[in-house]
Amino acid sequence: MGSGSDVLDTSPAAGGAAPHVVGVDACPGGWVAVALRGGRFAGADVDAALAALLTRVRRLAGADAVVAVDIPLGLLEAGRRRADELALGRVAPHRSRVFPVPPRPVWEEPDYGAANERCRRLTGSGLSRQSWGLVTKLREANACRDGGERRLYEVHPEVSFAAMNGGHPVASSKKSWNGQVQRRRLLGEQRIVLPDELGPAGRVPPDDVLDAAAAAWSAHRIALGTAVSLPDPPETTRDGLPVAIWY
């Protein structure tokens, strides 16, 4: 898979079929993806538009390939999502790593001021500017799933890393050297070894690449049927689509 030097390995796997899956994370200027084949690194890619990235994924990895993305998918009409409440429990005491996703009407407002006011009316608390900063990418990802990308699943990398770490959240920040070393080690223990050179994707901030790799780990578990959803069973949107975080 790639817009440059890193191409998804589509050669037959030894010992039989091995699922191709992809993990995606938002990054400055667009989206970064890490692909796995049989649970091992198979390529990386980056694109300004999620739809374009998914088109390449489907062409190279197959129409049924699971794609896990680190962005809220599925908005309720009122109230807070149970998925976010449960994810907070998985990363405690680092509660700032998960933000509560307000209901759909908040994200339909034209600007932060109106969204913050609507959020207070609907939930009793305001919306942070950091959360509102996700609005463009949140709308983009939900438009993809609402438009037919039903093999698109929501994940949260910090929940995934905690699961890799025996249920304990990684202590150090993903922005720190120690935190990135710890997360790369956890991925390596899962046989996801990221190369030193990633082509165009290597220009993306390291924490976004690591998050995409953790999303791919969860996607592999989804493909194998061993993943866990928060909550179980998921809540649903007004259109019947699942609202859950998978790991």
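In what follows, the structure referred to is the one given above.
These remarks concern the structure in this document. Residue numbers run consecutively from 1 along every chain, following the written order of its sequence. Given that the model is predicted, a residue must reach a pLDDT of at least 70 before its local features are reported, and side-chain atom pairs must reach 80 or more before they are shown or counted; all residues, however, enter totals for whole chains, interfaces and linings. Side-chain calculation: all heavy atoms of the structure are included, whereas hydrogens and water are not.

### Regarding the overall build of the chain
So the rule is basically this: Helix and strand definitions here come from DSSP, where helices need a minimum of 4 consecutive H or I residues and strands a minimum of 2 consecutive E residues; each element is numbered from the N-terminal end. Accessibility here uses a 1.4 Å probe with only protein chains present; expressed as a share of the type maximum, an area under 20% marks a residue as buried, one over 50% as exposed, and anything in between as partly exposed. Throughout, a residue-residue contact means that at least one pair of heavy atoms, one from each residue, lies within 4.5 Å.
Of the regular secondary structure elements, the chain holds nine helices and seven strands. Taken along its principal axes, the extent of the C-alpha atoms in the chain is 55 × 40 × 35 Å. Counting only residues that meet the buried cut, the chain has 52% of its 247 residues in that class. Counting contacts in the chain only where the partners sit at least 6 residues apart, residues at least 24 apart contribute 63% of the total.

### A word on the side chain of D45
For the record, the criterion: Counting of polar contacts relies on pairs of N or O atoms within 3.5 Å, with two restrictions inside protein: one atom must be capable of donating a hydrogen and the other of accepting it, and residues adjacent in sequence are counted only when both atoms are side-chain atoms.
Note on placement: D45 falls in strand β3 (residues 40–47). Overall, D45 belongs to the buried group, its relative accessible area being 1%. Here R56 takes part through its side chain, which lies 2.8 Å from a polar atom of the side chain of D45.

### So, the pattern of salt bridges
Just so we agree on the cut-off: Only one rule defines a salt bridge in this text: a Lys or Arg side-chain nitrogen within 4 Å of an Asp or Glu carboxyl oxygen.
On inspection of all chains with the given rule, the structure shows 16 salt bridges. Where D47 meets R56, a salt bridge forms, and the shortest distance between an N and an O atom there is 2.9 Å. Each member of the pair, D47 as well as R56, carries the same accessibility label: buried. D207 is paired through a salt bridge with K175; the nearest N and O atoms lie 3.0 Å apart. One end of the pair, D207, is in helix α9 (residues 206–224); the other, K175, is in the loop between α7 (157–164) and α8 (177–189), with 32 residues separating them in the sequence. Here D207 falls in the buried class, since its relative accessible area comes to 5%. Overall, K175 belongs to the exposed group, its relative accessible area being 61%. Ionic contacts of the salt-bridge type, sharing partners, join the residues D45, D47 and R56 into one network.

### A closer look at the sheet that holds strand β5 (residues 152–154)
The condition that has to hold: For two strands to be treated as a pair, DSSP must find at least two bridges joining them. Angles run from 0 to 180 degrees between N-to-C directions of axes, and those axes are lines fitted to C-alpha atoms, restricted for helices to the stretch in contact.
Reading across the sheet, the five strands line up as β3-β2-β1-β4-β5 and stay open at both edges, with mixed pairing between neighbours. On the outer flanks of this sheet lie β3 and β5, each paired with one strand and no other. The sheet shows a mean angle of 25° between the axes of neighbouring strands, direction not considered. Pairing of strand β1 (residues 20–27) with strand β2 (residues 30–37) involves eight bridges; the strand directions are antiparallel. Residue pairing in the sheet places V21 in a bridge with L36 of β2. The strands that helix α6 (residues 135–146) touches are β1, β2 and β5; relative to β2, the one it contacts most, it runs at about 50°. Taken strand by strand, α9 contacts β1, β2, β4 (66–70) and β5, and its axis lies near 145° from that of β1.

### Structural notes on the layout of surface pockets
In plain terms, the rule: Grid points spaced at 1 Å over the protein atoms alone were grouped into cavities, where a 1.4 Å probe fits but cannot get out, and pockets, open sets with protein on both sides within 12 Å along at least five of seven lines, with lining residues defined by an atom within 4 Å of a point. Grid points are joined across faces, edges and corners, and a volume is the space filled by probe spheres set on the points. Note on residue classes: Ala, Val, Leu, Ile, Met, Phe, Trp, Tyr, Cys and Pro are nonpolar, Asp, Glu, Lys and Arg are charged, and everything else, Gly too, is polar.
Empty space within the largest pocket amounts to approximately 920 Å³. Taken together, 35 residues line the largest pocket, and the ones lying closest to its centre are D70, R97, Q130, L134 and K174. Sorting the residues of the lining of the largest pocket by element identifies β1, α5 (129–132), α6, α7 and α9 as the ones contributing at least two each. Residue composition of the lining of the largest pocket, by class: 13 nonpolar, eight polar and 14 charged. Roughly 340 Å³ of internal volume is contained in the second largest pocket. Mapped by element, the contributors of at least two residues to the lining of the second largest pocket are α8 and α9. Among the elements that take part in the lining of the second largest pocket, α8 stands out by supplying four residues, more than any other. Looking at the lining of the second largest pocket, its residues break down into 10 nonpolar, three polar and three charged.

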